[in-house]
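Read off the chains here:
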Amino acid sequence: QVQLVESGGGLVQPGGSLRLSCAASGFMFSAYAMSWYRQAPGKGRELVASITSSSGGSTNYADSVKGRFTISRDNAKNTVYLQMNSVKPEDTAVYYCRVIVRNLYWGQGTQVTVSS
C-alpha cells in the first residue's frame, strides 16, 4: 500500500527557512518521480516542485519559488525533501507530497505558515 507522510511544517517568519520531508513506502521509491504541491486557503492545489526518478534527478519549479526552494531526494531513505528559503507570506499553504504509481497518491499534508 502506497503511503506518503509529510513532516516539517510549522510557523516561520518571513525571510526564514524550513525543510519539509515526505517519507514514502509501499512502492519502489527510486523508480518514480516525486512532486510537492501546495494549497493556500481559498485557492486550488498548485505544483511547487518536482524531481525525476534518477539519483541525480532533474528538477522543475514553479516560477514563484525558483531560486528560493530546492527539491531533493534520498533514495536510500525513501524520502523527498523541500528546502524552503527566503520564505514569504504568500508561501503560506498546506504542502502535499504526490506520486503516481498506477494511481495518484497524496500525503496528508503539512501546514506551513509564514508570518511575523
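Structure shown above.
Procedures and definitions
- Residues numbered from 1 in each chain as written.
- Predicted model: local features only at pLDDT ≥ 70, side-chain atom pairs only at ≥ 80, totals over all residues.
- Heavy atoms only, no water.
- Disulfide = S-S within 2.5 Å.
- Helix = DSSP H or I, 4+ residues; strand = E, 2+ residues; numbered from the N terminus.
- Buried < 20%, exposed > 50% of the residue type's maximum accessible area, 1.4 Å probe, protein only.
- Contact = heavy atoms within 4.5 Å.
- Polar contact = N/O pair within 3.5 Å; in protein donor to acceptor, adjacent residues only side chain to side chain.
- Lys, Arg positive; Asp, Glu negative; His and termini not counted.
- Salt bridge = Lys/Arg side-chain N within 4 Å of Asp/Glu carboxyl O.

### Things to note about the state of the cysteines
Overall, the coordinates contain 1 disulfide when judged by the stated rule. A sulfur-sulfur distance of 2.2 Å marks the disulfide that ties C22 to C97. Taking the torsion about the sulfur-sulfur bond, which here is approximately -85°, the covalent link between C22 and C97 counts as left-handed. Of the two residues, C22 sits in strand β3 (residues 18-25) while C97 sits in strand β9 (residues 93-101), which places them 75 residues apart along the sequence. The class for C22 is buried, based on a relative accessible area of 0%.

### Some thoughts on the environment of Y61
Relative to the helices and strands, Y61 resides in strand β6 (residues 59-61). Considered as a pair, Y61 and S50 are 11 residues apart in the sequence and their alpha carbons are 6.7 Å apart. Setting aside residues up to four positions removed in sequence, Y61 forms contacts with V48, A49, K66, F69, T70 and I71. There is a polar contact of 2.9 Å between the side chain of Y61 and the backbone nitrogen of I71.

### Points about the side chain of E6
For E6, the location among the structural elements is in strand β1 (residues 3-7). No salt bridge is formed by the buried E6, whose closest oppositely charged neighbour, R45, lies at an N-O distance of 7.4 Å. Separated by 2.7 Å, the side chain of E6 and the backbone nitrogen of C97 make a polar contact. Side-chain polar atoms of E6 contact the backbone nitrogen of Q108, separated by 3.0 Å.

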